[in-house]
Amino acid sequence: MDTERIDAYLRRIGAERPAAPTSRALHDLHLAHLRSVPFENLSIHLGQDIELTDKALVSKVVDARRGGFCYELNGAFGALLKALGFDVVLLQARVYDDAGEPGIPFDHLALRVRTEDGGDWLADVGFGAHSELPLAYADRGEQADPAGTFRIAETPDGDLDVLKDGKRQYLADPRPRALSDFRVGAWYHRTSPDSHFTRSLVCSRLTESGRVTLSGRTLTTTAGGERDTLELTTEAEVLAAYERHFGIALDREPHVREKE
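Quick caveat: nothing in here was measured; it's all calculated off a predicted structure. (Residues numbered from 1 in each chain as written. Predicted model: local features only at pLDDT ≥ 70, side-chain atom pairs only at ≥ 80, totals over all residues. Heavy atoms only, no water.)

Caption draft 1: Up close: the pairing of strand β12 (residues 218-223). Relative to β12, strand β11 (residues 210-215) runs antiparallel, the two sharing six bridges. Following the sheet pairing, Arg 211 is matched in β12 by Thr 222. Here β11 folds back onto β12 in antiparallel fashion, the turn holding two residues, of which Gly 216 has a positive phi close to 65 degrees. Note that β12 and strand β13 (residues 226-231) share six bridges and pair antiparallel. Bridging from a neighbouring strand, Leu 219 pairs with Leu 230 of β13. Taking the residues that link successive antiparallel strands as the turn, the β12-β13 hairpin has two residues, and the phi of Gly 224 there is positive, at about 60 degrees. (Pairing = 2+ DSSP bridges. Helix = DSSP H or I, 4+ residues; strand = E, 2+ residues; numbered from the N terminus.)

Caption draft 2: The packing of aromatic side chains, seen in detail. All told, the structure shown has seven aromatic pairs when counted by the stated rule. Relative to Phe 197, the ring of Phe 69 lies with its centre 5.1 Å away and its plane at 90 degrees, an arrangement referred to as edge-to-face. Within this pair, whereas Phe 69 is found in the loop between α4 (54-62) and α5 (70-83), its partner Phe 197 is found in helix α7 (residues 196-199), the two being separated by 128 residues in sequence. Their ring planes at 85 degrees and their centres at 5.2 Å tell us that Phe 106 and Phe 182 sit as a pair that is edge-to-face. (Phe/Tyr/Trp six-rings, centres within 6.5 Å; stacked < 30°, edge-to-face > 60°.)

Caption draft 3: Molecular detail of unusual backbone geometry. For Phe 106, which is not glycine, the phi torsion reads 60 degrees and is therefore positive. Mapped onto the elements, Phe 106 comes out in the loop between β2 (87-95) and β3 (108-114). Owing to a relative accessible area of 18%, Phe 106 belongs among the buried residues under this scheme. (Buried < 20%, exposed > 50% of the residue type's maximum accessible area, 1.4 Å probe, protein only.)

Caption draft 4: Focus on the pattern of salt bridges. Per the stated rule, a full pass over the model turns up 12 salt bridges. Here Asp 161 makes a salt bridge to Arg 168, at a shortest N to O gap of 3.8 Å. Residue Asp 161 is classed as buried on the basis of its relative accessible area, which comes to 10%. The exposure class of Arg 168 is partly exposed, given its relative accessible area of 37%. Within this structure, Asp 173, Arg 175 and Arg 177 form a network of salt bridges that share partners. (Salt bridge = Lys/Arg side-chain N within 4 Å of Asp/Glu carboxyl O.)

Caption draft 5: Examining the packing of α4 against α5 more closely. Viewed as axis vectors pointing N to C, α4 and α5 meet at an angle of 100 degrees, and their least axial separation amounts to 9 Å. Judged on the interaxial angle alone, α5 and α4 are roughly perpendicular. Contact residues: α4 offers Asp 54, Leu 57, Val 58, Lys 60 and Val 61, while α5 offers Tyr 71, Glu 72, Gly 75, Ala 76 and Ala 79. Here the residues of the contact of α4 with α5 sort into six nonpolar, one polar and three charged. (Axes fitted to C-alpha atoms, helices over the stretch in contact; angles between N-to-C directions. Parallel < 35°, antiparallel > 145°, perpendicular 65-115°, else oblique. Contact = heavy atoms within 4.5 Å. Nonpolar A, V, L, I, M, F, W, Y, C, P; charged D, E, K, R; others polar.)

Caption draft 6: Just the sheet that holds strand β9 (residues 167-177), in detail. An order of β5-β4-β3-β2-β9-β8-β7-β6 is seen for the eight strands of this open sheet, with the pairing classed as antiparallel. Of all the strands in the sheet, the pair left with one neighbour each is β5 (135-136) and β6 (142-145). Looking at chain direction, β2 and β3 are connected through seven bridges and run antiparallel. Within the sheet, the bridge partner assigned to Asp 87 lies in β3 and is Arg 114. Helix-sheet contacts for α5 involve β2, β3 and β4 (120-123), and the interaxial angle to β3 is about 20 degrees.

Caption draft 7: Structural context of the sheet that holds strand β1 (residues 39-40). The strand order β1-β10-β11-β12-β13 describes an open sheet built from five strands, whose pairing is antiparallel. Pairing within the sheet leaves two strands with one partner each, and these edge strands are β1 and β13. Where β1 and strand β10 (residues 203-206) come together, two bridges link them in antiparallel fashion. From the neighbouring strand, Glu 40 faces β10, where its bridge partner is Cys 203. Here helix α8 (residues 235-246) sits on the sheet in contact with β10, β11 and β12, set at roughly 155 degrees to β11.

Pasting the structure below:
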């Protein structure tokens, strides 16, 4: 990623170029990304391809002004961090379901980021409502975050359980991975009827006061702990909501495909 591309990405998330790849800089970039680039799975329901390369992912975020799901968001963010001088490792993780069972291998992509000032962080801008700031990778105690209380716990097998408010979120494998390793996981979530991404529509972004989410035609806004829900009734209202709240301009409304 050249200087011009880095600057375009930073403008996209409303962030200044950091003077050095420090922990403070990582925290600022992490929060700016969450507030600017939505977690969304619209491409799956619009019949759009998802290409797991640094160039394609950065282009989607910067040029198309879109978001994505974990592989796309953390893939693009990781490319930006590397270009800024951070030491970035891609980690594969398995997301726990409601029954507490982990999903498929390469279910999720997270980032381990080391900084110039000795910081070692678990960064994740692609898990929807998760920590707003990176988590200290080696810390095994409770970590306070604006989104809740988090903890990273080592398992007997050497993997890492990531918990939010006492509930396990995902199981991360600490071994470094390449972006291409996640293609099968991305294919599964794009195509399988068992994937929640093929069964639902979501577009969600952190805001300074809470969160805004468009799920199908239900627009939910939280601010200062207050939750407001609005049911949209027309395609025009839906398209306007995507543009107003997420900066996403679409020419048609995405719909969950019916099961064959």
